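# Residue-level structural notes
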Amino acid sequence: MPEIKVTPLGAGQDVGRSCILVSIGGKNIMLDCGMHMGYNDDRRFPDFSYITQNGRLTEFLDCVIISHFHLDHCGALPFMSEMVGYDGPIYMTHPTKAICPILLEDFRKITVDKKGETNFFTSQMIKDCMKKVVPLNLHQTVQVDDELEIKAYYAGHVLGAAMVHIKVGLESVVYTGDYNMTPDRHLGAAWIDKCRPDVLISESTYATTIRDSKRCRERDFLKKVHESIERGGKVLIPVFALGRAQELCILLETFWERMNLKAPIYFSTGLTEKANHYYKLFITWTNQKIRKTFVQRNMFEFKHIKPFDRSYADNPGPMVVFATPGMLHAGQSLQIFKKWAGHEKNMVIMPGYCVQGTIGHKILNGQRKLEMEGRATLDVKLQVEYMSFSAHADAKGIMQLIRMAEPRNMLLVHGEAVKMEFLKGKIEQEFSVDCHMPANGETVTVTTNPSVPVDISLNLLKREMALGGTLPDPKKPRTMHGTLIMKENSLKLVSSEQALKELGLNEHQLRFTCRVPLQDPHSDPDTLHGIYLHLKSVLKGYTIQHLPDGTVMVESIVIKVSSSAEDPNTKVLLLSWSYQDEDLGSFLSTLLKKGLPSGLC
């Protein structure tokens with residue numbers, strides 16, 4: 001039986017370092033190639049030695065697909081392609097291709113230029129890696145080679161995020177990457193065809209969460225920011241450069257305008273300008289409202305939100321600062337946090353998920369003393385708030401996607417083991433499909449049972465109806481007799497007459513014969529008459545004839561009797577039937593082997 005193998009090298013019962021290997025129909029595909037925000041050593045990148053101990057990855061991989069530009073999905077790409085070695089195609093959408101190198105360069109600067117780490121990719125490696133990228137359009141089927149094809153679907157989440165449908169022959173896998181089933185202020189909701197894949201690999205970041213209404217969360221967020229500003233506090237909102245940042249900027253911009261507030265709002269790093277540039281460039285990837293408004297004004301040009309300068313962090317008075325990155329594990333957001341952490345009236349609002357090991361994760365879990373670099377401790381006195389504006393599907397959204405795609409098997413990645421376990425139970429209970437949740441390095445093998453689509457000729461269907469059959473129900477299996485013709489990679493079931501005509505062949509009669517020994521003292525004609533009576537009593541509703549030529553006929557089955565030359569009491573029954581009556585012929589030979597009931601002849 002054909003099978004699909006899935007092995008996470010990262011994101012197996014964990015969030016971060018997404019990298020999943022899929023073997024399907026003799027092809028090997030790497031889905032995402034991310035880094036882990038919680039580690040600063042070798043564990044930061046996936047363990048590529050799992051694929052090969054020595055040598056390049058090119059011989060082992062047919063293609064690499066990147067779902068979106070977040071670093072936990074693309075951060076290890078230059079390391080994998082340029083340092084380990086991979087020269088094959090890397091697929092991603094146009095927005096991902098544009099934004100990915102900017103974030104990778106930003107990540108390299110922080111790691112190499114600021115922290116002084118060695119054994120890391122260079123700026124040139126990022127450029128060389130991006131030369132291998134093949135851009136994807138939504139809903140466009142791309143032939144990677146003669147057998148492997150991929151198709152991208154809109155995933156919401158961030159600009160350019162895509163789910164991908166991978167197909168080899170009749171086997172298929174859908175990989176969601178990160179997705180969001182609810183539309184927000186700047187992006188639409190994820191969507192996919194009812195493609196019924198053999199395996200659906202889904203993220204499960206919020207496997208046990210069902211989020212409250214978005215409006216309530218937004219109101220709560222604005223209230224907290226407003227209260228903090230009113231009491232003269234500073235509000236830090238750690239975000240990733242694209243995605244939640246734009247979402248919350250639009251929210252605060254409209255609130256500031258409505259309330260006529262004067263406290264400054266800043267956005268750190270030069271990425272904002274670049275971000276806005278890409279939102280203009282890829283406006284078709286945003287939602288309907290933004291596209292409509294875009295004609296009159298650019299929603300991403302903010303009146304109240306100004307670029308941040310490092311010196312502003314020490315300015316007196318209230319302010320709101322959006323700073324990157326979103327998990328407080330490095331960069332500007334961490335620098336500002338260190339400065340503001342010691343004052344009770346300040347506040348940090350964490351709007352998204354934080355990976356274990358990051359400062360964000362520690363403060364959300366109530367840690368009030370943090371060990372920083374160089375053994376210094378930091379007392380956390382500011383208010384810590386968590387408000388999920390994370391653009392991941394919650395439990396309800398994951399179930400919604402399963403209903404949409406109707407997979408035969410489920411596999412969960414990008415989540416925490418305990419939460420995954422809970423969701424796995426729910427999925428198996430509601431959809432009656434097997435659900436897997438492999439750890440990193442663990443392989444799940446799914447046996448596939450590909451269904452072969454066959455066209456049926458109208459004449460054959462009409463004949464089936466004429467014989468008293470009902471029209472086939474697509475949900476119930478039904479046996480139909482005909483001749484299967486394969487033409488130009490398509491299969492068609494037709495009547496045997498039509499097949500002979502189409503193929504220019506003469507009809508041959510194929511008959512089966514069988515000899516059955518029978519102990520009976522009577523003459524041959526009497527034995528034959530006994531068989532006729534016996535079959536009349538057993539087979540109701542069949543046409544049974546005793547013919548003058550000394551044979552009995554049941555449908556197309558002919559039965560003759562002859563005596564054995566050695567022993568007149570041993571008769572030999574000769575049964576002959578056409579292949580259409582194969583089942584009835586087998587039944588009769590078994591029945592007659594048991595002999596005739598006494599007193600029939």
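Residues numbered from 1 in each chain as written. Predicted model: local features only at pLDDT ≥ 70, side-chain atom pairs only at ≥ 80, totals over all residues. Heavy atoms only, no water.

The chain goes by Integrator complex subunit 11 in an unreviewed UniProt entry, where it is assigned to Cyclopterus lumpus. Per UniProt, the chain has the following entry under Cofactor (unreviewed entry): "Zn(2+)". (UniProt positions renumbered as here; feature names shortened; annotations may be inferred.)

### Brief notes about the overall build of the chain
The secondary structure content of the chain amounts to 16 helices and 30 strands. Taking 2.2 N^0.38 as the reference for a compact globule, 601 residues should give roughly 25 Å; the C-alpha atoms of the chain span a radius of gyration of 35 Å, well beyond that estimate. With respect to the principal axes defined by its C-alpha atoms, the chain has extents near 120 × 55 × 45 Å. Across the 601 residues that make up the chain, the buried fraction comes to 52%. Accessible surface for the chain amounts to roughly 28,700 Å². Of this, 51% is attributable to carbon and sulfur atoms. Counting 70 positive and 68 negative side-chain charges, the chain places the averaged centre of each group 8 Å from the other. (Helix = DSSP H or I, 4+ residues; strand = E, 2+ residues; numbered from the N terminus. Rg over C-alpha atoms; globule rule 2.2 N^0.38 Å. Buried < 20%, exposed > 50% of the residue type's maximum accessible area, 1.4 Å probe, protein only. Areas by Shrake-Rupley, 256 points an atom, 1.4 Å probe, with all protein chains shown as cover. Lys, Arg positive; Asp, Glu negative; His and termini not counted. Charge placed at Lys NZ, Arg CZ, Asp CG, Glu CD.)

### Quick look at the UniProt feature "domain: Metallo-beta-lactamase" (unreviewed entry) in the chain
Here, UniProt's "domain: Metallo-beta-lactamase" (unreviewed entry) annotation points to residues 16–210. What you have in residues 16–210 is 22% helix and 25% strand, and the ends, taken at the C-alpha atoms, are 22 Å apart.

### Description of the packing of helix H5 (residues 214–230) against helix H6 (residues 244–259)
Their axes nearest at 11 Å, the elements H5 and H6 cross at an angle of 60 degrees. Between H5 and H6, the interaxial angle falls into the category oblique. Judged by the sense of rotation from one axis to the other, the crossing of H5 with H6 is right-handed. Counting all contacts with H5, which are made through Lys 214, Glu 218, Phe 221, Leu 222, Val 225, His 226 and Ile 229, the residues of H6 involved are Glu 247, Leu 248, Leu 251, Leu 252, Phe 255, Trp 256 and Met 259. (Axes fitted to C-alpha atoms, helices over the stretch in contact; angles between N-to-C directions. Parallel < 35°, antiparallel > 145°, perpendicular 65-115°, else oblique. Left-handed = near helix turned anticlockwise from the far one by under 90°. Contact = heavy atoms within 4.5 Å.)

### Considering the side chain of Thr 527
Checked against the element boundaries, Thr 527 lands in helix H15 (residues 524–538). On the accessibility criterion, Thr 527 (0% relative accessible area) is buried.

### Focus: the packing of aromatic side chains
Each pair of aromatic rings is reported with the distance of its centres and the angle of its planes. Counted under the stated rule, the structure contains 17 aromatic pairs. Here the aromatic residues Phe 45, Phe 48, Phe 79, Phe 107, Phe 120 and Phe 121 are joined through ring pairs into a cluster of three or more. The ring of Phe 45 has Arg 44 lying over it, and the distance from NZ or CZ to the ring centre is 5.7 Å. (Phe/Tyr/Trp six-rings, centres within 6.5 Å; stacked < 30°, edge-to-face > 60°. Lys NZ or Arg CZ within 6 Å of the ring centre and 35° of its normal.)

### Points about the pairing of strand E11 (residues 199–203)
Remark: a regular strand shows side chains that alternate across the two faces of the sheet. Where burial is concerned, most of E11 is hidden: five out of the five residues are buried. Side chains Val 199, Ile 201 and Glu 203 project from E11 onto one buried face, and the interleaved Leu 200 and Ser 202 project onto a second face that is buried too. For strand E10 (residues 171–175) and E11, the ladder comprises three bridges, and the chain directions are parallel. By the bridge assignment, Val 174 is partnered in E11 with Leu 200. Pairing analysis gives four bridges linking E11 to strand E20 (residues 409–413), with the strands arranged parallel. Bridge assignment links Ile 201 to a residue of E20, and that residue is Leu 411. (Pairing = 2+ DSSP bridges.)

### A look at the sheet that holds strand E7 (residues 141–143)
Pairing within the open sheet is mixed, and its seven strands lie in the order E7-E8-E9-E10-E11-E20-E21. Every interior strand has two partners, whereas the edge strands, E7 and strand E21 (434–436), have only one. On average, each strand axis in the sheet is tilted by 20 degrees relative to the strand beside it, whichever way the strands run. Running over the sheet, helix H11 (residues 395–405) touches strand E9 (162–168), E11 and E20 and is turned about 160 degrees from E11.

### Comments concerning the sheet that holds strand E23 (residues 454–456)
On the basis of which strands lie adjacent, the open sheet formed by three strands has the order E23-E25-E24 and mixed pairing. Since the sheet does not close on itself, it has two edges, and those belong to E23 and strand E24 (483–487), each with one partner. For this sheet, the mean inter-axis angle between neighbouring strands, taken without regard to orientation, is 30 degrees. Looking at chain direction, E23 and strand E25 (residues 490–494) are connected through three bridges and run parallel. Within the sheet, the bridge partner assigned to Asp 455 lies in E25 and is Lys 492.

### Quick notes on the environment of Asn 260
Summarising the element assignment, Asn 260 is placed in the loop between H6 and strand E13 (265–267). Among the polar contacts listed, one links the side chain of Asn 260 to the side chain of Lys 262, at a separation of 2.8 Å. (Polar contact = N/O pair within 3.5 Å; in protein donor to acceptor, adjacent residues only side chain to side chain.)

### Points about the pattern of salt bridges
Applying the stated criterion across every chain, the model contains 26 salt bridges. For the salt bridge of Glu 3 with Lys 5, the shortest nitrogen-to-oxygen distance reads 4.0 Å. By relative accessible area, which is 37% here, Glu 3 ends up partly exposed. Members of the salt-bridge network, linked through shared partners, are Arg 56, Glu 82, Asp 87 and Lys 132. (Salt bridge = Lys/Arg side-chain N within 4 Å of Asp/Glu carboxyl O.)

### Some words on the pairing of strand E12 (residues 234–238)
E12 sits mainly inside the fold: five of its five residues count as buried. Residues Lys 234, Leu 236 and Pro 238 point to one face of E12 and Val 235 and Ile 237 to the other, with burial holding for every one of them. As defined by bridge partners, E12 adjoins strand E16 (residues 347–350) across two bridges and the pair is classed as parallel. Bridging from a neighbouring strand, Val 235 pairs with Met 347 of E16.

### Quick notes on a positive patch on the surface
On the surface, Lys 109, Lys 114, Lys 274 and Arg 310 cluster together to form a positively charged patch. Note that Lys 109 resides in helix H3 (residues 94–114). (Patch = residues over 30% accessible without salt bridge, like charges linked within 9 Å, V, L, I, M, F, W, Y side chains within 5 Å.)

### Overview of the nonpolar core
Within the largest apolar cluster, 130 residues are counted, with the highest numbers of intra-cluster contacts made by Met 30, Leu 31, Phe 48, Ile 201 and Phe 337. Per-element accounting of this core gives the leading share, seven residues, to H3. Contacts of Phe 48, omitting those with residues within four sequence positions, involve Leu 9, Cys 19, Met 30, Cys 33, Leu 57, Ala 76, Phe 79, Met 80 and Val 84. Among the nonpolar cores identified, the runner-up in size contains 29 residues, and Leu 261, Ile 290, Val 320 and Met 387 belong to it. (Core = buried A, V, L, I, M, F, W, Y, C linked by side-chain atoms within 4.5 Å.)

### Quick word on unusual backbone geometry
The peptide bond linking Thr 324 to Pro 325 adopts the cis configuration, its omega dihedral lying at -5 degrees. Tracing the backbone shows Pro 325 in the loop between strand E15 (319–323) and helix H9 (331–340). The backbone of Ala 11 shows a phi angle near 70 degrees, a positive value even though the residue is not glycine. Tracing the chain through its elements places Ala 11 in the loop between strand E1 (3–10) and strand E2 (19–24). Of note, the phi angle at His 157 is positive, near 60 degrees, even though the residue is not glycine.

### Examining the environment of Glu 59
Mapped onto the secondary structure, Glu 59 falls in the loop between strand E3 (27–31) and strand E4 (63–65). Along the primary structure Glu 59 and Lys 462 are separated by 403 residues, whereas in three dimensions their C-alpha atoms are 53 Å apart.

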